[in-house]
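# Architecture at a glance
Take a look at the letters that make up each chain.
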Amino acid sequence: MGDTLEFNEIYHESKGSWNDGRLRFSKQNVVYKSSKTGKVDNIPAAELSVATWRRVCLGHGIKLATSNGHVYKYDGFRDTDYERISEFFKANYKVELTEKDMCVKGWNWGTAKFSGPLLSFDVNDSSVFEIPLASVSQCATGKNEVTLEFHQNDDAEVSLMEVRFYVPPGTADEGADPVEAFAQNVRSKADVIQATGDAVCVFKELQCLTPRGRYDILIYPAFLHLHGKTFDYKIPYTTVLRLFLLPSKDQRQMFFVISLDPPIKQGQTRYHFLILHFSKEEELKLTLNMSEEEVEKRYEGKLSKNMSGSLYEMVSRVMKALVNRKITVPGNFQGNTPGAQCITCSYKAQSGLLYPLERGFIYVHKPPVHLRFEEISSVNFARGTTTTRSFDFEVETKQGNQFTFSSIEREEYGKLFDFVNAKKLHIKNRGFKEIKAKNNEYSDSDDDQHDAYLERMKAEGKIREEGDGSNDSDEETDESFNPGEESDVAEEYDSNASESDSGSGGDGSDDEGKKKKPAKKAKVVKEKKERKPRREKKQKDTNAPKRPMSSYMLWLNSSRERIKSENPGISITEISKKAGEMWKQIGKEDKEEWDGKAEEAKKNYEKAMKEYRESGGGSSTPAMKESKKKAGGKKEDKKRKSGGGEKEKEQGGNDSFKSREFISSEESSSDGERKKAKKAKKAKGKPQSRGKESEEEEEEAMTTPPSSVEDSD
């Protein structure tokens, strides 16, 4: 038997809602911590008096009663856990774990028993149900009835509103009303607030942001009373979870935040946080409505009868003493603004302040949000939707809820990222932090500052670029445009330009020729693109020697297994990163040794390549032959085009000369000659496809004298 027993997923009922948590039994105490609220129940082992094991809706449960009257119930155990817990209780607590069955008859009449903070309804000495009196918010009496109203829980899907008990006459002592006696027993243990006696102190007209307005705060020993012009709130100290004292960004104002569970209600609106707003310049002299001896005895030096100081200090000091909880203040986080311990942002279209604390985040003020690190599953840094000068901070909880704090200034990014990283929170896009783009097209002016969103975009762009480069679209565009070569389009355009210069003698046909020439140019380009054959991808020769590796790659291949053995479970990317760090630390002599090996490998490669070429390798392969054939064809086309261009330039130098295309296509009056001229022009654009018909038409056009054209005009 060990010193402790721990159980996960143990449920505790709180105002109609089941909250899971962890229960631990140790020799000194019993500790239960809720996973949702973080509230801790600590039961000293010496105070345990009764332990009961019973069958409940969630399997099996334990009911623990203490000597001072408190009762704790935890459900979610398995049937096999009974023996372990029973032996542990006997050995360490000297308490026997008794097994008791619940009544399932379904009767609606029985006996009501008040045992400490519980109202038990029994049938034949077996409990049917139990009501925690601390959950009762109101107790009303009728003629023979007692009505119990309960505090509501926002997290409960179905809530119990009220329970009515019929009390028959004559069940109480003689001379006492049984209904009033029943109600008095309920009120003695219920959470029904009754303002009796004088207040300890009063704070007049404090500014309250949530709920909005100015309230007088009356401090009573057991509860806090907010008195406003329209609404009154009575807040028991038992419902206070946490206290926060937060300085504003301008260092001139303070926020005092009180976290409540259950929340206060105003109609259908529930307020989980009470936010008081103070100015640091407000001073106050406070006198408690108690004697000095009573103050010293009750608060043990935490308060004194007469106090003076800033208003926010007085309120926080009194609340800390009466609630008996620590006040949470911001930690070591410092924002971009000097002295500011918060970040300006927006949440749900409302601007506010986000405070990174030592154990969570809190946002004020509309609506207030408190997120503990324990309930956060991951955070994410996202680019702002409106401008690149801001970013969004997304927080996702383990329950699946997501909170987005937007419009955060870019200057706050580094401080917030370092804070989240130091708290070891899971950052969704942190994996891209070390990615550095190889191409300058992805470079950014803020390279010295890490931007998780930008790095993710870089990585996705790099992946898309590699995916697009795998097809042959780039090769096709390279084939279409070859710098340094004169294309058919440029050649014809040059000839047309010389013709327009030579024919500028006032003839009206020149303008028509100028308008039609660009259309011919576009037509030639289109046909050229359609009929251009697609170049096949070069095949790699598998028999050729492999290129030599660098000194770093030779060292990496020899050290890879050693790195894996020294770092078990390391990933492939981490191996490269680790190897790069180790290579930088290698001495100069060792690097020279690997450089020598790399030089030797290079010489061997050159020698092998020379032998490979002498033996007919490379040029004898089908891929090499095809590439040489294409290269020879390109050279012949280039020579043919350059030769044709020189001839046309020589002809264009004589102003009185008109080319055959110009004469036949523009000034011929017969339709037959115009058609022949068009065919001759197409044949000229593609010399490789010229046939016998085109040659005959060209000879006929050349033999036609210019005088015949003038006579036709």
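Rules of the game
Residues numbered from 1 in each chain as written. Predicted model: local features only at pLDDT ≥ 70, side-chain atom pairs only at ≥ 80, totals over all residues. Heavy atoms only, no water. Helix = DSSP H or I, 4+ residues; strand = E, 2+ residues; numbered from the N terminus. Buried < 20%, exposed > 50% of the residue type's maximum accessible area, 1.4 Å probe, protein only. Contact = heavy atoms within 4.5 Å. Areas by Shrake-Rupley, 256 points an atom, 1.4 Å probe, with all protein chains shown as cover. Axes fitted to C-alpha atoms, helices over the stretch in contact; angles between N-to-C directions. Parallel < 35°, antiparallel > 145°, perpendicular 65-115°, else oblique. Nonpolar A, V, L, I, M, F, W, Y, C, P; charged D, E, K, R; others polar. Pairing = 2+ DSSP bridges. Polar contact = N/O pair within 3.5 Å; in protein donor to acceptor, adjacent residues only side chain to side chain. Left-handed = near helix turned anticlockwise from the far one by under 90°.

## Some remarks on the overall build of the protein chain
Each helix and strand in the protein chain was counted, giving 17 helices and 31 strands. Relative to its full complement of 713 residues, the protein chain shows a buried share of 37%. A separation of at least 24 residues holds for 48% of the contacts in the protein chain among residues at least 6 apart in sequence. Counting every atom, the protein chain has about 44,100 Å² of accessible surface; 47% of that belongs to carbon and sulfur.

## Describing the packing of helix α10 (residues 551–566) against helix α12 (residues 588–614)
One way to put it is that α10 packs onto α12 with a least axis distance of 8 Å and a crossing angle of 105°. On the basis of the axis angle, α10 is roughly perpendicular to α12. Seen from α10, the contacting residues are S551, L554, W555 and S558; seen from α12, they are W594, D595, K597 and A598. Across the contact of α10 with α12, the residue classes break down as 4 nonpolar, 2 polar and 2 charged.

## Notes on the pairing of strand β17 (residues 223–227)
Most of β17 sits inside the fold, with 4 of its 5 residues counted as buried. The pairing of strand β16 (residues 213–219) with β17 spans 4 bridges and is classified as antiparallel. The residue of β17 that forms the bridge with I217 is L226. Between β16 and β17, which pair antiparallel one after the other, the connecting turn spans 3 residues. Relative to strand β18 (residues 232–236), β17 runs antiparallel, the two being bridged by 5 bridges. Paired with H227 across the bridge in β18 is D232.

## Notes on unusual backbone geometry
Residues T210 and P211 are joined by a peptide bond in cis, for which omega reads -5°. Mapped onto the secondary structure, P211 falls in the loop between β15 (201–210) and β16. Its identity as a non-glycine residue notwithstanding, E300 has a phi of 50°, on the positive side. With relative accessibility at 64%, the residue E300 sits in the exposed group.

## A look at the side chain of D81
Relative to the helices and strands, D81 is located in helix α1 (residues 81–93). The class for D81 is buried, based on a relative accessible area of 8%. Separated by 3.0 Å, the side chain of D81 and the backbone nitrogen of R78 make a polar contact. Contact partners of D81, with chain neighbours within four places excluded, come to F7 and W53.

## With respect to the sheet that holds strand β14 (residues 162–166)
If you walk across this open sheet you meet the 3 strands as β12-β13-β14, and the pairing is antiparallel. Pairing within the sheet leaves two strands with one partner each, and these edge strands are β12 (136–141) and β14. Each strand axis lies, on average, 15° off the axis of its neighbour in the sheet, ignoring direction.

## Focus on the packing of α10 against helix α11 (residues 572–585)
Running from N to C, α10 and α11 point in directions that differ by 115°, and their axes come no closer than 10 Å. Here α10 and α11 pass one another in a crossing that is right-handed. Contacts from S551, Y552, W555, L556, R560, R562, I563 and K564 in α10 reach I575, S576, K578, A579, G580, M582 and W583 in α11. Residue composition of the contact of α10 with α11, by class: 8 nonpolar, 3 polar and 4 charged.

## Some words on the pairing of strand β4 (residues 40–44)
Of the two faces of β4, the one holding D41 and I43 is buried and the one holding V40, N42 and P44 is not buried anywhere. Where strand β3 (residues 29–34) lies against β4, 5 bridges are found, and the strand directions are antiparallel. What sits directly across from V31, in β4, is N42. From the end of β3 to the start of β4, which pair antiparallel, there are 5 residues, and G38 there has a positive phi angle of about 80°.

## Concerning the environment of S188
Tracing the backbone through its elements, the reader meets S188 in helix α2 (residues 178–189). C-alpha separation for the pair S188 and L133, spaced 55 residues apart in sequence, amounts to 9.0 Å. A distance of 2.7 Å separates a polar atom in the side chain of S188 from the backbone oxygen of N185.

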